[in-house]
Each structure stands twice: as C-alpha cells, then as structure tokens.
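# Descriptive analysis of the structure
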Amino acid sequence: MTRRPMQALRTVVGFGFALSLAGCDYWPPALQAEIEQLKSDTQTLAIEKSQLQAQVTDLTKTKQELQEQLDELSRMNREKTGMITSLQNQLDATRARAMKATAQKAPPYKMRTKPTVKAATRPTAKSAPKAIGVR
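So, here's what we can say about the structure. (Residues numbered from 1 in each chain as written. Predicted model: local features only at pLDDT ≥ 70, side-chain atom pairs only at ≥ 80, totals over all residues. Heavy atoms only, no water.)

## Details of the pattern of salt bridges
Counted according to the given criterion, the structure contains two salt bridges. For Arg-75, the salt bridge is made with Glu-72, and the minimal N-O distance between the two is 2.3 Å. You can see Arg-75 and its partner Glu-72 sitting in helix H2 (residues 29-105), three residues apart, about one turn around the helix. By relative accessible area, which is 36% here, Glu-72 ends up partly exposed. For Glu-79, the salt bridge identified is with Arg-75, shortest N-O distance 2.4 Å. With Glu-79 and Arg-75 both in helix H2 and four residues apart, the pair spans about one turn of that helix. For Glu-79, a relative accessible area of 42% translates into the label partly exposed. A relative accessible area of 33% means that Arg-75 is categorised as partly exposed. (Salt bridge = Lys/Arg side-chain N within 4 Å of Asp/Glu carboxyl O. Helix = DSSP H or I, 4+ residues; strand = E, 2+ residues; numbered from the N terminus. Buried < 20%, exposed > 50% of the residue type's maximum accessible area, 1.4 Å probe, protein only.)

Below is the structure:
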C-alpha cells in the first residue's frame, strides 16, 4: 500500500517537471503588447544610460582639469604669500636701518625743526586809502 502513494507522487512530480521544461507557447495579446513595451522602454533606458555615462565622463574630466588649476593656483598663492612676507621683512629691516642712520646723523643735542613762515601782514581798515566820492 505504501507503494501506490509514492508512485503517484513520483508521477505528479515528473509530469510537473516535464511541463516546466516544455513551457507554454501561447502568449495572450495583452501580454505580448506589454512585453514589446518593456523591450522599447529597455532600449530607451539603455540609450539614456549611455548618454548619462558620457556626461559623467565629461564632468569627471572637467573636474580633474579644475582640480589641477586649483592646485596650481594654490601653489602660486603660497609662493606669492612667501614673497610678500619676505618683501615685508626686507622693508621693515630697511626702515629700521634708515631710522638708525638718520638718528646717527643728527646730533643728540640739536633738534631739527622746520622753519616757520611768518604770515604776511594785511593792510587794515585805517591804513587803506579812502575812496573819494563824486558829488
């Protein structure tokens, strides 16, 4: 008795396996239309994907070029900052030497002063000639 159910089970499993391998050749028209639409969408998406990949490649190249420019400008900025600092230090040293030199030339007991210019005297109202009126 136990042989019969086992044999039936084997038959069902074998039949199911045969059907899965053979498949079904009938495709309903709605399913065929949907498959065609999906194929069309897949092709459209593939084209868009390739366009986007090209844009990504271009943007990556542009980014790399801009990064190189940024690195070059940063390097130049550091060099110019160093130059400015060096020139500032030289200027400070030159000013200090100039101040020392002027301090050594002038005697300590004599102070240099600028000559003052006296204001020109204006004629006053008393000294101005009187206008003679016609009668």
